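Remarks on the overall topology
Listed below, chain by chain, are the residues.
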Amino acid sequence: MATMTTQKVPFVFIDEHEVERLLDKRDLLVAMETAFGHFSEGPSGGVVQPVRTMVPVQDHGGFLASMPGYSQKGQALATKLVTLYPNNGKKGLPTHNGYVFVFDPSTGIIKAVVDAESVTAIRTAMASAVASKHLANPKSKVLALLGAGVQAESHYDALRILFDFEQIRIWSRGSERAEKLARKLGPKAKAFSSVQETVQGADIICTVTLATSPVLMKDWVKPGAHINAVGATRPTWQEIDPELMRHVVLYADTRDACNKESGDIIISKAQIFAEIGEVINKTKPAQWQETTLFKSVGMALEDVVATNLVYEKFKLEKSKM
Ligand SMILES: NC(=O)c1ccc[n+]([C@@H]2O[C@H](COP(=O)([O-])OP(=O)(O)OC[C@H]3O[C@@H](n4cnc5c(N)ncnc54)[C@H](O)[C@@H]3O)[C@@H](O)[C@H]2O)c1
Ligand SMILES: O=C(O)[C@@H]1CCCCN1
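Residues numbered from 1 in each chain as written. Chains lettered and ligands numbered in written order. Predicted model: local features only at pLDDT ≥ 70, side-chain atom pairs only at ≥ 80, totals over all residues. Heavy atoms only, no water.

Where an unreviewed UniProt entry is consulted, the protein appears under the name Ketimine reductase mu-crystallin, with the organism given as Platynereis dumerilii. Quoted verbatim from the Subunit (unreviewed entry) heading of the UniProt record, the comment on the protein is "Homodimer. Binds the thyroid hormone triiodothyronine (T3); T3 binding inhibits enzymatic activity." Reading the Sequence similarities (unreviewed entry) entry of the UniProt record for the protein gives the comment "Belongs to the ornithine cyclodeaminase/mu-crystallin family." (UniProt positions renumbered as here; feature names shortened; annotations may be inferred.)

If you want it as structure tokens, here you go:
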């Protein structure tokens, strides 16, 4: 065995409670916006993020995703290993499970292993918040959530930082879950039994379901509304009416991944107008007065940015002890 000249520092384990405590949402909003700009800048932005690898586990109806990424400007290197098992919901188990492995970019030594469920919940919603900041009417008052799971709740938590909602409408395939979430979110929230009623007149609509065929139809959406389309992250899955996909001004988290993974884009043949990073960099306009849709399939960079903030805060607290 080769002799080691220095001793490796053991990595820390950061669980979901610590993630929720340590991750400041406003800091994340700013960091994520900056990172999206770097991503869409091209090579000078210093982001390395290959389109993720998805391994289907066909006999169990699941997927294993491997999501590595590096931000040179943020000096942050991490990889997420996460599974998506849609049928877990029926068993009372989480549908997304995994960890983010955080490395020191200067040595390649692992620094932390961070719970991925909480990171995924918070960073995905924050990506939609960044998009909504640029693409939704700033005076948006009515939020519609289609789906009542982890992402529905985290989307409300993230969007309320930017918008002063008067109504939160929730629809879920099983109405019980929508009613439970409405009770949790408070008096402005209400569960609805039809998608059409939920979205009619809504300013911001978030589709956060595990649907594999369209649930949101074109004629139900108010002109000028903004949609965050977050589910349907496989090439054969859809959440959005193809006519609506072709009608909106379409923005994406990443062109490459959305064109490879988003069934809503692939099946409708809708054309991506811009990446959200291009809007942030002002190389493409934010057409927020039109009906806009932000298609997100999820980026490793979001996990890189979020876990870097978590780890830095963890280190700061330790140094004061
Ligand atoms: N874009 C991203 O970065 C990103 C990240 C994480 C999750 N996601 C996706 O967001 C979606 C929601 O994730 P989550 O963590 O909230 O999941 P969850 O399991 O917590 O909730 C899923 C919701 O979808 C509903 N649902 C299940 N099957 C449905 C169907 N066939 N039709 C309509 N509704 C159905 C459930 O009742 C529940 O309300 C999933 O598609 C997930 O893969 C995307
Ligand atoms: O970006 C993510 O973290 C998730 C992984 C599972 C599929 C959907 N997107």
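Moving on: the environment of Gly69. Take Gly69: it is sitting in strand β4 (residues 62-71). Note: C-alpha distance between Gly69 and Pro50 (19 residues apart in sequence) is 7.4 Å. Dropping the residues within four chain positions of it, Gly69 is found in contact with Val48, Ala76, Leu77, Ala78, Ala300 and Val304. (Helix = DSSP H or I, 4+ residues; strand = E, 2+ residues; numbered from the N terminus. Contact = heavy atoms within 4.5 Å.)

Let's shift gears to the pattern of salt bridges. Taken as a whole and judged by the stated rule, the model has 15 salt bridges. We note a salt bridge from Glu317 to Arg21, for which the minimum N-O separation is 2.8 Å. Of this pair, Glu317 sits in helix α11 (residues 300-319) while Arg21 sits in helix α1 (residues 16-22), and the two are 296 residues apart along the sequence. The exposure class assigned to Glu317 is partly exposed, which follows from its relative accessible area of 29%. Between Lys184 and Glu153 there is a salt bridge, and its shortest N-O distance comes to 2.9 Å. Linking Lys184 in helix α5 (residues 175-185) with Glu153 in helix α4 (residues 150-159), this pair joins segments that are 31 residues apart in sequence. Each of Lys80, Arg123, Glu302 and Asp303 takes part in a single network of salt bridges with overlapping partners. (Salt bridge = Lys/Arg side-chain N within 4 Å of Asp/Glu carboxyl O. Buried < 20%, exposed > 50% of the residue type's maximum accessible area, 1.4 Å probe, protein only.)

Before going further, it helps to examine the sheet that holds strand β14 (residues 274-275). Read from one edge to the other, the open sheet built from 8 strands follows the order β10-β9-β8-β11-β12-β15-β13-β14, with strand pairing classed as parallel. Two strands lie at the open edges of the sheet, namely β10 (189-191) and β14, each paired on one side alone. With 2 bridges connecting them, strand β13 (residues 249-252) and β14 associate as parallel partners. Within β14, the residue paired with Ala252 across the bridge is Glu275. Relative to the sheet, helix α3 (residues 116-135) contacts β11 (204-207), β12 (226-229), β13 and β15 (292-295), its axis offset from that of β12 by approximately 160°. (Pairing = 2+ DSSP bridges. Axes fitted to C-alpha atoms, helices over the stretch in contact; angles between N-to-C directions.)

Let us now look at the packing of α4 against α5. Direction vectors running N to C along α4 and α5 enclose 25°, while the axes themselves pass 11 Å from each other. Taken together, the axis directions place α4 and α5 in an arrangement best described as roughly parallel. Crossing geometry of α4 relative to α5 is assigned as right-handed. Contact with α4, carried on its side by Val150, Ala152, Glu153 and Tyr156, involves Arg177, Leu181, Lys184 and Leu185 of α5 and no other residues of that element. (Parallel < 35°, antiparallel > 145°, perpendicular 65-115°, else oblique. Left-handed = near helix turned anticlockwise from the far one by under 90°.)

Turning our eyes to something else, we now look at the site of ligand 2. In the vicinity of ligand 2, the contacting residues are Arg52, Met54, Met67, Lys80, Val82, Leu84, His96, Thr120, Arg123, Thr233, Val297 and Gly298. Here Arg52 contributes a side-chain N or O atom positioned 3.0 Å from an oxygen atom of ligand 2. Residue Lys80 places a side-chain N or O atom 2.6 Å away from an oxygen atom belonging to ligand 2. Out of a free accessible area of 260 Å², ligand 2 has 94% covered by protein chains. Contributing elements (two or more residues each) for the shell around ligand 2: β5 (76-84) and α3. When residues in the shell around ligand 2 are grouped by element, the largest group, 3 residues, is from β5. Across the shell around ligand 2, the residue classes tally to 5 nonpolar, 4 polar and 3 charged. (Near = heavy atom within 4 Å. Polar contact = N/O pair within 3.5 Å; in protein donor to acceptor, adjacent residues only side chain to side chain. Areas by Shrake-Rupley, 256 points an atom, 1.4 Å probe, with all protein chains shown as cover. Nonpolar A, V, L, I, M, F, W, Y, C, P; charged D, E, K, R; others polar.)

Attention now goes to the site of ligand 1. Surrounding ligand 1, one finds 25 residues, the nearest of these being Thr95, Ala148, Gln151, Thr209 and Ser296. One nitrogen or oxygen atom from the side chain of Arg123 is found 3.1 Å from an oxygen atom belonging to ligand 1. For ligand 1, an oxygen atom lies 3.1 Å from a polar atom in the side chain of Ser172. Protein contacts shield 90% of the accessible area of ligand 1, which totals 860 Å² for the unbound molecule. In terms of residue count, α3 provides more of the shell around ligand 1 than any other element does, 3 residues in total. Partitioning the shell around ligand 1 into residue classes produces 10 nonpolar, 12 polar and 3 charged.

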